[in-house]
Amino acid sequence: MFHSSVLTHLMKTLCNQGSWVKKVPSFVFSAPKDFVEGLLDAYFSGDGSVQKNGAMTTASRSKLLTEGIGLLLKNYGIYSTMMSW
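A short tour of the structure in this document, coming up. Every value quoted in this text rests on a predicted model; they were computed, and no experiment measured them.

## What to know about the packing of aromatic side chains
Taken as a whole and judged by the stated rule, the model has 2 aromatic pairs. Summarising the aromatic geometry, the rings of F27 and F35 are spaced 6.0 Å apart at their centres and angled 50 degrees between planes, so their arrangement reads as tilted. Between Y43 and F44, the aromatic rings sit 5.6 Å apart at their centres with planes inclined by 85 degrees, giving edge-to-face as the arrangement. You can call Y43 buried: its relative accessible area is 11%.

## Quick notes on a nonpolar patch on the surface
A contiguous nonpolar surface patch, about 330 Å² in accessible area, is contributed by V50, M56, Y76 and I78. Topologically, I78 is positioned in the segment after helix 3 (63-74). In this structure I78 comes out as partly exposed when scored by relative accessible area, which is 32%.

## Section: the nonpolar core
The biggest cluster of nonpolar side chains holds 11 residues, and these are V24, V28, A31, V36, L40, Y43, F44, L65, I69, L72 and L73. Secondary-structure elements contributing two or more residues to this core are helix 2 (33-47) and helix 3. Other than its neighbours up to four places away in sequence, V24 contacts F29, L65, G68, I69 and L72.

What counts and what doesn't
Per chain, residue numbering runs from 1 following the sequence as it is written. Reporting of local features is limited, given that this is a predicted model, to residues whose pLDDT is at least 70; pairs of side-chain atoms are given and counted only at 80 or more, and all residues count toward the totals for whole chains, interfaces and linings. Side-chain calculation: all heavy atoms of the structure are included, whereas hydrogens and water are not. Classification of ring pairs uses Phe, Tyr and Trp, with its six-membered ring standing for Trp, and accepts pairs whose centres are within 6.5 Å; under 30 degrees between planes counts as stacked, over 60 as edge-to-face, and the remaining range as tilted. Relative accessibility thresholds used throughout: buried, under 20% of the residue-type maximum; exposed, over 50%; partly exposed, between the two (1.4 Å probe, protein chains only). Patch construction takes residues with relative accessible area above 30% that form no salt bridge. Like charges are linked within 9 Å, and nonpolar side chains (Val, Leu, Ile, Met, Phe, Trp, Tyr) are linked within 5 Å. Surface exposure here means Shrake-Rupley accessible area, sampled with a 1.4 Å probe, where a residue is shielded only by the protein chains that are shown. Basic side-chain nitrogens of Lys or Arg form a salt bridge, by our definition, when they fall within 4 Å of a carboxyl oxygen of Asp or Glu. Secondary structure elements are defined from DSSP: runs of H or I of at least 4 residues count as helices, runs of E of at least 2 residues count as strands, and each element is numbered from the N terminus. What is meant by a nonpolar core is a set of buried Ala, Val, Leu, Ile, Met, Phe, Trp, Tyr and Cys residues, joined one to another through side-chain atoms within 4.5 Å. Here a residue-residue contact requires only that any non-hydrogen atoms of the pair lie within 4.5 Å.

By themselves, these are just geometric observations and shouldn't be taken as functional.
Right under this line is the structure:
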């Protein structure tokens, strides 16, 4: 939740609104490494988990968001599998 109407508008514009259509904004794919790592850390801290064996899991209704996170992980040599429910 954001308490700034300007930031709220920016996030809605860049990431879409609604659980089915959220996405990773295009600028993230060329953002500095520290930014991407912070975004991934925040994403998995909020919507995911890390298992004892090191496997990371997350769930999203948005195929666009899941694919975007998968592409970011691939840049770090972490390959992912998407499953539909």
